Amino acid sequence: MNNERQEWICYDADCARCVRWAGRLRGLCERHGFTLILLQSPDARARLRMPENQLLAEMRVITREGIIFGGGDALIYLSSVICRPLFALTFIPGVKPLLRSVYRFLARHRSCAAGNCPTQRVASFRVGNPADGLPLLVFPPTAAVIGKEFPAWIYMWLLALALFYSCKWLCLRMAMARGVHAGLGRKIGFLFGWVGMDAEDFLTEATVPEKPRTTAWLAASLKTFSGAILIWMGARAALTIDPLLAGWTGMVGIILLLHFGLFRLLALAWHAAGVAATPLMQAPLLSRSLGEFWGRRWNTAFHELTARFLFNPLRRAMGIRAAILLAFLASGLLHDLVISVPAGGGYGLPTLYFLLQGAGVLFERTKIARRLGLGRGIRGWLFMLLITAGPAFWLFHPPFVHYVILPMLHAIGAI
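Since this is a predicted model, take the numbers as computed values, not measurements. (Residues numbered from 1 in each chain as written. Predicted model: local features only at pLDDT ≥ 70, side-chain atom pairs only at ≥ 80, totals over all residues. Heavy atoms only, no water.)

*Asks:* So what about the nonpolar core? Which residues, and what values?
*Replies:* Grouped burial of nonpolar side chains is what soluble globular proteins tend to show. Membership of the largest hydrophobic core comes to 58 residues, with the highest contact counts inside it found for L159, L290, W294, F400 and L409. A total of twelve residues in this core trace back to one element, the largest contributor, which is helix α17 (residues 320–343). Ignoring sequence-local partners within four residues, the contact set of W294 consists of H303, F328, Y353, F354, Q357 and T388. Counting 22 residues, the second largest nonpolar core, distinct from the first, contains C167, W194, A199 and A301. (Core = buried A, V, L, I, M, F, W, Y, C linked by side-chain atoms within 4.5 Å. Buried < 20%, exposed > 50% of the residue type's maximum accessible area, 1.4 Å probe, protein only. Helix = DSSP H or I, 4+ residues; strand = E, 2+ residues; numbered from the N terminus. Contact = heavy atoms within 4.5 Å.)

If you want it as structure tokens, here you go:
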């Protein structure tokens, strides 16, 4: 390989997972000017000039200028060339150290994770095939690129749906890898007829929920109707006062209509059909602590994802405190991707919001908080409300309201 002006991605030939991903992503990388080579190749050894134990420790990227990036820094550099919106998120404080730490952890365990360790092959299979995560690596970056050609509110939905269905597929495949069996109809129902991530409960035919009561149907219908009123009447009235107020009125209406209304009705319909679909919202306003709010009651689908793929692995590797903060940091980054990137502003505010939530959950676990009576009763409820609702403008910041929500409300005839 004589072209010194090439950009190289060097990966480990002895890592089965690395080889599989290199094969699948080769075309994408080559279209952006990268050539994939093995770390064990003479060309890579000559350019890197490292001892064997350092050479194979992590992937490397060699730029045209001869600069070498390794591990998490290599991924950051690749995102700067292949997907600029994702690269922009790396400037949020704490993102780069997190990415480097996660990469180092995965790199240290990649051999057994790839199935090369004979004593752990069965356990590796039980957590799913690495290829099952391919949609998560392909769909969101693709949506981030093509979505820029659409209005900002459509861009937001493209990103959200790309993440949603990538995670749905991953949850389905992992449930199957754990030995859960279900018919084709129920699998299709989980993928396209349900908004939760509770694959194992949904697919297990032996789990039969109680038939829903009439009062449950009425309550969900009332919330659906109330949300529609806020969207198509409340937002228009609020617009005469202030555009920001109109946007927030519409957002509250959308959350009420979808999360508490239509999605609850959908869960009840599945229950009536004998399928255990865990409702998305579990009366979050009844939470008596911040931990209860995020851990049990608010958006169980998102909690299922973060608990399974982030919190539990990080807790085993780094301890519970670090796992809590890193899980909330990751949640913030995902919300930044879906909220700030389409809005073209407010970068980092959703991440700061979720970091505050993580700090609040940790504070609830301290002796001072227990002496103050937080985590229970009316004081715990007030603390939960203060921390979640008080800084909500960080999460749904003004650029998002002005450039995403208001145009969407206009497009659906609400204002």
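*Asks:* Lay out the packing of aromatic side chains with the relevant residues and their values.
*Replies:* Under the counting rule described, the total for this entry stands at 16 aromatic pairs. When the centroid spacing of 4.9 Å and the interplanar angle of 15° are considered together, the rings of F69 and Y77 count as stacked. You can call Y77 buried: its relative accessible area is 18%. A network of ring pairs unites the aromatic residues F260, F293, W294, W298, F328, Y353 and F354 as a single cluster. The ring of W8 is capped by R47, whose NZ or CZ atom sits 5.0 Å from the centre of that ring. (Phe/Tyr/Trp six-rings, centres within 6.5 Å; stacked < 30°, edge-to-face > 60°. Lys NZ or Arg CZ within 6 Å of the ring centre and 35° of its normal.)

*Asks:* Let's hear about helix α13 (residues 214–239): which residues, and what values?
*Replies:* Taking 1.5 Å of rise per residue, the 26 residues of α13 would be expected to cover 38 Å, and the 37 Å separating its terminal C-alpha atoms lies within 8% of that figure. The sharpest bend along α13 reaches about 35° and sits at L230. Residues A216, A220, T224, G227, I231, A235 and A238 constitute the buried set of α13. On the buried face of α13, the contacting elements are α14 (243–272) and α22 (398–411). (Expected span 1.5 Å × (residues − 1). Bend = angle between axes of the 7 residues up to and from the residue.)

*Asks:* Can you tell me about the sheet that holds strand β2 (residues 34–38), naming the residues and giving the values?
*Replies:* The four strands lie next to each other as β2-β1-β3-β4, forming an open sheet whose pairing is mixed. Edge positions in the sheet fall to β2 and β4 (68–70), since each has one partner strand and no second. Neighbouring strand axes in the sheet, compared pairwise and without regard to direction, differ in orientation by 20° on average. Relative to strand β3 (residues 60–62), strand β1 (residues 7–11) is paired through three bridges, and the arrangement is antiparallel. Considered in β3, the bridge of I9 is made with V61. Against the sheet, helix α4 (residues 72–82) touches β1, β2, β3 and β4, its axis set at about 115° to β4. (Pairing = 2+ DSSP bridges. Axes fitted to C-alpha atoms, helices over the stretch in contact; angles between N-to-C directions.)

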